[in-house]
Amino acid sequence: PEKTIDGSGLTGDLHGTEGTTMWLSSGVLPNWIQYEFDQVYTLHDLKVWNSNGPIESFIGFGAKKVTIEYSTDGAAWKTLENVPEFARGPGAAAYAANTTVNLGGVEAKFVKLTVTATWGGLNVAGVAEVRFSHVPMQARAPQPANGAVDVSPDASLNWRPGRTAASHQLFFG
């Protein structure tokens, strides 16, 4: 499953056809894959590169109908509404993500994708790569950088503010 988030099949933003760079699960549908983040994030969207092996255009392992669930604690789950059908991968090199799921600012530490139907109607389900984006709620990109040394005492401080932050705290050491 880690192959869906490690960029191993990507060159820039285009995915290849090498099967070892994708997730493929066999068994009785539904098949699922779960992601865990290091903290709770406010999620914006999910870009999907569907299964993209050379035989994808006529066998169709790619996810078609997918249920997306999310949780802040891994125990209480909510189901995302209005998940679009995942577009079929072309089975060709230089494949750009062709499905974007609007996550609408849900807060989650865990996200689970459950494949209920594939493009080939088989019990084998696959996904090449996924990329989550989130709404930055915390300050980021400090200047000078965090941990910088030999900074002039009269240096100007700057950062990109958190989206909903009312204030920020600075610490010097």
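Refer to the structure printed above.
A brief look at the structure comes next. (Residues numbered from 1 in each chain as written. Predicted model: local features only at pLDDT ≥ 70, side-chain atom pairs only at ≥ 80, totals over all residues. Heavy atoms only, no water.)

Some points on the sheet that holds strand β1 (residues 10-11)
Selection criterion: Whether two strands pair comes down to DSSP finding at least two bridges between them. Starting at the N terminus, helices and strands are each numbered in turn, a helix being any DSSP run of H or I of at least four residues and a strand any DSSP run of E of at least two.
Pairing within the open sheet is antiparallel, and its three strands lie in the order β1-β2-β7. One side of each edge strand has no neighbouring strand; the edge strands of this open sheet are β1 and β7 (95-96). Bridging between strand β2 (residues 14-15) and β7 involves two bridges; their strand directions are antiparallel. Its bridge partner lying in β7, H15 is registered against Y95.

With respect to the nonpolar core
The criterion, for reference: Among buried residues, those of type Ala, Val, Leu, Ile, Met, Phe, Trp, Tyr and Cys that are joined through side-chain atoms within 4.5 Å constitute a nonpolar core. Each residue is assigned to one of three classes by its accessible area relative to the maximum for its type, calculated with a 1.4 Å probe on protein chains only: buried under 20%, partly exposed between the two thresholds, exposed over 50%. Note on contacts: a residue pair is in contact if any heavy atoms of the two residues lie within 4.5 Å.
Ranked by internal contacts, the top residues of the largest apolar core, which has 25 residues, are L43, L46, V111, L113 and F132. Those elements that provide at least two residues to this core are β4 (31-50), β5 (63-71), β8 (99-118) and β9 (125-135). Among all residues touching V111, those that are not within four sequence positions of it are I33, Q34, Y35, F37, L43, I68, E69, Y70, W77 and F132. Judged by nonpolar contacts, the second largest core, of five residues, contains L10, W49, Y95 and A128.

A word on the environment of N102
Selection criterion: Distance and chemistry together define a polar contact, namely a pair of N or O atoms within 3.5 Å, with one atom able to donate a hydrogen and the other to accept it when in protein, and with adjacent residues in sequence counting only for side-chain atoms on both sides.
Within the secondary structure, N102 is located in strand β8. The exposure class assigned to N102 is exposed, which follows from its relative accessible area of 57%. Excluding residues within four positions of it along the chain, N102 makes contact with H44, D45 and L80. At 2.8 Å, the side chain of N102 forms a polar contact with the backbone nitrogen of G104.

Comments concerning a nonpolar patch on the surface
We apply this condition: Patches in this entry comprise residues that are over 30% relatively accessible and not in a salt bridge; like charges within 9 Å are linked, as are nonpolar side chains (Val, Leu, Ile, Met, Phe, Trp, Tyr) within 5 Å. Working definition of accessibility: Shrake-Rupley area with a 1.4 Å probe, residue cover restricted to the visible protein chains. Just to be clear on terms, a salt bridge is a Lys or Arg side-chain nitrogen sitting within 4 Å of an Asp or Glu carboxyl oxygen.
Residues L157, L170 and F172 make up a contiguous nonpolar surface patch of roughly 340 Å² in combined accessible area. Mapped onto the fold, L157 is located in the loop between β10 (140-143) and β11 (158-160). Overall, the relative accessible area of 42% leaves L157 in the partly exposed class.

A short note on the pairing of β4
In terms of strand pairing, β4 meets β8 through 13 bridges, oriented antiparallel. Bridge pairing links Q34 to K112 in β8. Alignment of β4 against β9, held across eight bridges, turns out to be antiparallel. In the strand pairing of β9, K47 is matched with R131.

Details of the sheet that holds β4
Read across the open sheet, the six strands follow the order β3-β9-β4-β8-β5-β6; overall the sheet is antiparallel. Bordering the open sheet on either side are β3 (23-25) and β6 (78-79), each of which pairs with just one other strand.

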